[in-house]
Amino acid sequence: MPKKLRALFIVLVFPVSVLAQRAQDTLTLDEVIRLAVKNNPAVLAAEQGIIIARQRVHEARFLNLPQISLSGTFSRVNLEYPTVLGPELGDRYLASDVNDNFYTLRAVALQPLYTGGRNTSAIRLAKTAHNQAKVDYEAVKNDISFNAKKTFYAVLYNKELTNRAVRCLARSEALLAGLKKDSFESIEVELALAGLRSQLEFSKKDLESATADLLRLLNREPGYQAGVVGAFMLQPVKEDIRKSLVTAMESRSEMKSEIYKAQMDDIAVSMAMFRRYPNVYFGASYDVIGYQAALPGGAVKSNNWMASVAIHFPLSYDIWTQVLQRKAQQRQGDLKRLELQDNIRFEITGAYTDLEFWQKEAKSRDELFERLNSEYEAALRNNKVSISALRSLCTLCGFERNYLESVHNQLLARIKLEWAQGRDLDK
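How each quantity is defined
- Residues numbered from 1 in each chain as written.
- Predicted model: local features only at pLDDT ≥ 70, side-chain atom pairs only at ≥ 80, totals over all residues.
- Heavy atoms only, no water.
- Disulfide = S-S within 2.5 Å.
- Helix = DSSP H or I, 4+ residues; strand = E, 2+ residues; numbered from the N terminus.
- Buried < 20%, exposed > 50% of the residue type's maximum accessible area, 1.4 Å probe, protein only.
- Salt bridge = Lys/Arg side-chain N within 4 Å of Asp/Glu carboxyl O.
- Patch = residues over 30% accessible without salt bridge, like charges linked within 9 Å, V, L, I, M, F, W, Y side chains within 5 Å.
- Areas by Shrake-Rupley, 256 points an atom, 1.4 Å probe, with all protein chains shown as cover.

Q: Sorry if this is basic, but what is going on with the state of the cysteines here?
A: Put plainly, two cysteines are in a disulfide when a covalent bond ties their sulfur atoms together. By the definition in use, this model includes one disulfide. Note on cysteine connectivity: Cys 168 is disulfide-linked to Cys 397, with sulfurs 1.6 Å apart. On the S-S bond that ties Cys 168 to Cys 397, the torsion sits near 100°, and the link is right-handed. Separated by 229 residues along the polypeptide, Cys 168 in helix H4 (residues 118-176) and Cys 397 in helix H9 (residues 387-421) bring together distant segments of the chain. Judged by relative accessible area, which is 4%, Cys 168 ranks as buried. Left unpaired, Cys 394 is separated from the closest cysteine sulfur, that of Cys 168, by 6.3 Å.

So this is what it looks like as structure tokens:
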């Protein structure tokens, strides 16, 4: 094969082989959660929020450091009258005897000595906002993890429904081989088989839809065929509801966020009160000024330094209005936190009630299905095949789907309880 054709073959075939290999990938629940969190834009945006909050902490700390500025100007002048350079050009007064070149160099340092606690409160506020950004990230991550679990179990559920529908249809077709039927029974048999085939097609359609949701959650291209691996079975929970309530108040991200907001509201009230306190600054500057005077031999150069202490007393009409606003916002935060606590209690109670119901119902349906299936197999061995056997098989298959639905609902109630309490349950 010529080299050019060989190179073209490698370029075309290699990506296809890679896609084919990736299409065979199977994902566990932990891998689905990891990929969903890793590829979700909301999680990535929350990570950037942490970075922004961290940099604002550094900025708040800079307020306690001296503010240093360096400036320099060079002017070529021909003055008949004194003039003043603007603030952008050094804010300098130029006498009329200045001739030709005028230059200045200035170094200024301004150190806040006392700000009434404003700078310290700004650092506390920035640190609290940083902690809140971390909690917001955890909240987004928990939501994505919850959606990943729901999607994963939806794929497993529809996969199990499809497999059971295939098996049920095969059992029915095998049963028909030994069944002698008249014309009326033929109609009933055809309708029964049509119903089983329809259930199979619906199960396949639901499986495709669940798989598409999984790909969307993982942010994968449509051609990527991801499979999931896991046991579709009951996962009993023995944890007490009171323990779940305590865990939720300690671990729920929304609750932590409200606690940090309460701290920020408290700091905001203090900062509003600090507006009544004076500011004290220490400043120092050093100037070098040089110019050519109008008289012959009148070159002038001077070095100036200055050290000053300044005190500013704020006199504002809106000090108390700002304080009252911050206190009202603080009260709003307290009420919102109480409302959130009530909502968490209702969520825990509702999820726990659903979990207990479906856990009990799924176990009852499983036991009934196993018993009826055994009785059906025994009756099939000891009796002649008839249309009644097909009816019983179709009814049994329908009850099996109800059992799988109860297992799915139990799993959904379990992950809802995990999300409500902000922590995974022990397996």
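Let us keep going from here.
Q: Can you help me understand the pattern of salt bridges in this one?
A: Opposite charge on two side chains lets them pair, provided their charged atoms get close. Under the counting rule described, the total for this entry stands at 20 salt bridges. Across the pair Arg 171 and Glu 377 runs a salt bridge whose closest N-O atoms are separated by 2.7 Å. Placement of the pair is Arg 171 in helix H4 and Glu 377 in helix H8 (residues 319-382), with a sequence separation of 206 residues. The exposure class of Arg 171 is partly exposed, given its relative accessible area of 25%. Residue Arg 337 pairs with Asp 334 through a salt bridge whose shortest N-O separation is 2.6 Å. Of this pair, Arg 337 and Asp 334 both sit in helix H8, three residues apart, which is roughly one turn of that helix.

Q: Could you clarify how one ought to interpret a nonpolar patch on the surface in this entry?
A: Among the surface-exposed residues, Leu 113, Tyr 114, Phe 282 and Val 309 lie close enough to one another that they form a single nonpolar patch of about 400 Å² accessible area. Residue position: Phe 282 is located in strand E7 (residues 279-293).

Function cannot be inferred from these measures alone, as they are strictly geometric.
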